[in-house]
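# Examination of the molecular architecture
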Amino acid sequence: MFEETTSKFQSILMRINEVIEQEGLKPGDRIPSERELVSRLNAGRSTVREALRALELLGIITTKQGQGTFLQPYQSHRLVDILAFYILRDDRSKGNLLEMRVLLETGAAKKAALHATAEEVAVLERIWSNMDHTVSQGQVPIQEDYDFHHQLIRSAHNHLLTRVWYLVIQYGQTVRKSSLSKPGRPQKALQEHHAILDAVRHRQPGEAAKRMEEHLASAGLPTLMDTRPENERD
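Below is a summary of the structure that appears in this document. Predicted, not measured: the structure shown is a model, and the values here were computed from it.

### Let's talk about the overall build of the chain
- Secondary structure assignment for the chain yields 11 helices and 3 strands.
- The secondary structure elements of the chain, listed N-terminal to C-terminal, are α-β-α-α-β-β-α-α-α-α-α-α-α-α.
- Buried positions account for 37% of the 234 residues belonging to the chain.
- Restricting the contact set of the chain to residue pairs at least 6 apart, pairs at least 24 apart contribute 65%.
- As displayed, the chain offers around 13,700 Å² of accessible surface, 51% of which is attributable to carbon and sulfur atoms.

Structure below.
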């Protein structure tokens, strides 16, 4: 009986997500009301209500009195904290997570060099200029670093990649901040970001991936060579 109830609950969650996808809803948009969902999904009111409550507890949606229920930005999701608690409980998992970031971002740099629009390249250039200004002021470009990598991921034009990357980067916040705070590191990171930008601007996917891997290695993350089994290393 418990498994049947759980299965029904999970099914409703998936179908609510399908409604959100079908309507192309984005963070800040109003989702269909509980009554609308009951009708559209042909489901029981109590099951729909429970599913909505679960989504709200995770910070995926929020209800505003008298206005309706709205999608929340990814940054506010408690899902990150919950996954961190269950997944990152040993050093091996933490190491795997850093490797995962390298794999995601080198692949994204390659795709961005192939698919980034002129507007997206212009955004990357603007972010780099902001980073340059911050470094010249003797400050650590934490926000600009995040913005650059986030825009690069988005420029790969893979919606799922963007969602997965967000979860991974949140787990690695401490590593990123401590790396950028080392003496001389902001200036070096500025040069590395410019090299990545240049490769994307000139449509050089292999070079973009290489420069990204070098940048992440300088920040203390494992290289792709490190992620291979020992019998495949030189």
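### Brief notes about the nonpolar core
- Judged by nonpolar contacts, the single largest core of 23 residues is most densely connected at L124, F148, L152, I196, V200, A208 and M212.
- Elements supplying a minimum of two residues to this core: α5 (91-115), α6 (118-136), α7 (142-155), α10 (185-201) and α11 (205-218).
- Top contributing element to this core by residue count: α6, with 6 residues.
- Apart from residues lying up to four places away in sequence, V200 is in contact with A109, A112, A113, A116, V121, L124, L152 and A208.
- Counting residues in hydrophobic clusters, the runner-up holds 17 residues, among them I16, V19, V38 and L71.

### A short note on the environment of P32
- Positionally, P32 belongs in the loop between β1 (30-31) and α2 (34-41).
- Relative accessible area serves as the criterion here: at 6%, P32 is assigned to the buried category.
- The spacing of P32 and F70 is 38 residues in sequence and 8.9 Å in space, taken between C-alpha atoms.

### Remarks on the pairing of strand β3 (residues 68-71)
- Here β1 pairs with β3 via 2 bridges, running antiparallel. Bridge assignment links R30 to a residue of β3, and that residue is F70.
- In the sheet, strand β2 (residues 61-64) pairs with β3 via 4 bridges, with the strands oriented antiparallel. Counted as the bridge partner of T63 is T69 from β3.
- Between the end of β2 and the start of β3, which pair antiparallel, lie 3 residues, with G66 showing a positive phi angle near 80 degrees.

### As for the side chain of H193
- Inspection of the secondary structure puts H193 in helix α10.
- The contacts of H193, once residues within four sequence positions are left out, are W128, M131, D145, F148, H149 and H215.

### A few points about the packing of aromatic side chains
- Scanning all chains against the criterion turns up 1 aromatic pair.
- Look at Y146 and W165: their rings are 5.6 Å apart centre to centre, the planes differ by 35 degrees, and that puts the pair in the tilted class. Note that Y146 is positioned in helix α7 and W165 in helix α8 (residues 159-171), a separation of 19 residues in sequence. Accessibility assignment for this pair places Y146 and W165 in one class, buried.
- The residue whose ring lies beneath K64 is F70, and the NZ or CZ to ring-centre distance is 4.9 Å.

### What to know about helix α3 (residues 45-57)
- The first and last C-alpha atoms of α3 sit 18 Å apart over 13 residues, in line with the 18 Å expected at 1.5 Å per residue.
- Among all positions of α3, only T47, V48, A51, L52 and L55 are buried. The arc that holds every buried residue of α3, seen down its axis, measures 135 degrees, which confines them to one face. In α3, the exposed residues that point more than 90 degrees away from the buried face are S46 and L57.
- Remark: G59 follows α3 within two positions and exhibits a positive phi of approximately 80 degrees.

### Some details on the pattern of salt bridges
- Evaluated as defined, the whole model comprises 11 salt bridges.
- A salt bridge links R201 to E125; its shortest N-O distance comes to 2.9 Å. Taken together, the residues span a long stretch of sequence, with R201 in helix α10 and E125 in helix α6 at a distance of 76 residues.
- Exposure remark for R201: the relative accessible area of 31% places this residue in the partly exposed category.
- With its nearest N and O atoms 2.3 Å apart, the salt bridge here joins D198 to R201. With D198 and R201 both in helix α10 and 3 residues apart, this pair spans about one turn of that helix.
- On the accessibility criterion, D198 (26% relative accessible area) is partly exposed.
- Among the charged side chains, a network of salt bridges with common partners joins E34, R45 and R49.

Definitions and cut-offs
- Residues numbered from 1 in each chain as written.
- Predicted model: local features only at pLDDT ≥ 70, side-chain atom pairs only at ≥ 80, totals over all residues.
- Heavy atoms only, no water.
- Helix = DSSP H or I, 4+ residues; strand = E, 2+ residues; numbered from the N terminus.
- Buried < 20%, exposed > 50% of the residue type's maximum accessible area, 1.4 Å probe, protein only.
- Contact = heavy atoms within 4.5 Å.
- Areas by Shrake-Rupley, 256 points an atom, 1.4 Å probe, with all protein chains shown as cover.
- Core = buried A, V, L, I, M, F, W, Y, C linked by side-chain atoms within 4.5 Å.
- Pairing = 2+ DSSP bridges.
- Phe/Tyr/Trp six-rings, centres within 6.5 Å; stacked < 30°, edge-to-face > 60°.
- Lys NZ or Arg CZ within 6 Å of the ring centre and 35° of its normal.
- Expected span 1.5 Å × (residues − 1).
- Arc of directions from axis to C-beta.
- Salt bridge = Lys/Arg side-chain N within 4 Å of Asp/Glu carboxyl O.

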